[in-house]
Amino acid sequence: MHNYAFRIAFCITARNKLRDKGLLVEVKWTHGSSGPVKPKLEILALGRYRVVLNDETHDLPDDAIELLAYLALHSEKSIEEMLNDFAGLDSSLIERAKLKKRLEYRFTVLREKFWACSPDLVANKNGFFAFDKKTGKYHFGNLFSLRFDAKLCQHLRSETLVDHYRGRFLAKSESVWATSLADQLEQQFLTAAHEHVNDLETAEAIRVYEKILELNETDETAWTGLIQRYVSDGQEQQAKWTFKRWQNMALEFGFDPPSFVFPNAVPQ
């Protein structure tokens, strides 16, 4: 009996030490018939911002969504790594100090928002985004069943990527890490779109060409392909209007006027 009580006391002491070091995050999951079920978290950051936790949309400021997307992408990072990724290696000490305060505030916003909307999910709100004092890193990701559009698109290729890409990643963000990933995903999409657009049905091809031009309005191949699809689909006025858009773009950028030979049914 004495040994049993001693083991219980030892376990409690050990758990308390882990908790004090930030290594133990106690999470109260929702439960289903087959056992614990992680809360569902969906982050949409391509083209439009949206955060959905267990089917409930959360109204979050843009900078808080940016931090949430960052954590979902990397799963663990130290504060110094965060400062490098957000501000760049050449940022000054003053800039880094200010950014650190902003990041700490964003953490607070996320914790309070998620706690207020779903108090049943988290037993320890201060550990909701766990900080491991031993490694000096924030941990995130294992708490949720996560669906993150940008992370998905990182691993997609060909026509599947074309389907899932919805616009520039975190378009309002100027952080180093966000613009770098946005450029990478954008280039992946443009490459995949040009490779597969000729295999698509007319309506879908028109949608893809328009998406290409939203990202790169100087793409002559996309302009030509778009007009040709409108012509082949009998949308004569739309084809002429698209050619006019192309002309206006060329004039604005100081390019030579574009040329396109319309069939007799669509005079220039």
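The following refers to the structure shown. Not measured: the values here are computed from a predicted model.

So, how was this worked out
Residues numbered from 1 in each chain as written. Predicted model: local features only at pLDDT ≥ 70, side-chain atom pairs only at ≥ 80, totals over all residues. Heavy atoms only, no water. Core = buried A, V, L, I, M, F, W, Y, C linked by side-chain atoms within 4.5 Å. Buried < 20%, exposed > 50% of the residue type's maximum accessible area, 1.4 Å probe, protein only. Contact = heavy atoms within 4.5 Å. Helix = DSSP H or I, 4+ residues; strand = E, 2+ residues; numbered from the N terminus. Arc of directions from axis to C-beta. Pairing = 2+ DSSP bridges. Axes fitted to C-alpha atoms, helices over the stretch in contact; angles between N-to-C directions.

## Focus: the nonpolar core
Move 1: Core analysis: the biggest nonpolar cluster contains 65 residues, and Met 82, Phe 114, Phe 148, Phe 169 and Trp 177 have the highest contact counts within it.
Move 2: Discounting residues that sit within four places of it in the chain, Met 82 has contacts with Tyr 70, Leu 71, Lys 77, Leu 103, Phe 107 and Tyr 138.

## A short note on helix H3 (residues 79-87)
Move 1: Residues of H3 that are buried: Ile 79, Met 82, Leu 83 and Phe 86. Buried residues of H3 fall within an arc of 100 degrees about the axis and therefore sit on the same side.
Move 2: Gly 88 occupies a position one or two residues after H3 and carries a positive phi of about 95 degrees.

## Considerations on the sheet that holds strand S3 (residues 40-44)
Move 1: With mixed pairing, the four strands of this open sheet are ordered in space as S5-S4-S3-S9. On the outer flanks of this sheet lie strand S5 (56-58) and strand S9 (145-148), each paired with one strand and no other. Averaged over all pairs of adjacent strands, the angle between their axes in this sheet comes to 20 degrees, without regard to strand direction.
Move 2: Two elements, strand S4 (residues 50-53) and S5, share three bridges in a ladder whose sense is antiparallel. Within S5, the residue paired with Val 52 across the bridge is Thr 57.

## Details of the pairing of S4
Move 1: When S3 meets S4, the two strands line up antiparallel, connected through four bridges. Residue pairing in the sheet places Ile 43 in a bridge with Val 51 of S4.
Move 2: Two successive antiparallel strands, S3 and S4, enclose a turn made up of five residues, where Gly 47 displays a positive phi of approximately 85 degrees.
Move 3: Following S4, the chain reverses through two residues before pairing antiparallel with S5; Asn 54 in that reversal takes a positive phi of roughly 50 degrees.

## Examining the environment of Val 52
Move 1: In this fold, Val 52 is placed in strand S4.
Move 2: What makes Val 52 buried here is its relative accessible area of 7%.
Move 3: Through-space distance from the C-alpha of Val 52 to that of Arg 147 is 9.7 Å; in sequence the pair is 95 residues apart.
Move 4: With near-sequence residues (within four places) excluded, Val 52 lies in contact with Lys 40, Leu 41, Glu 42 and Thr 57.

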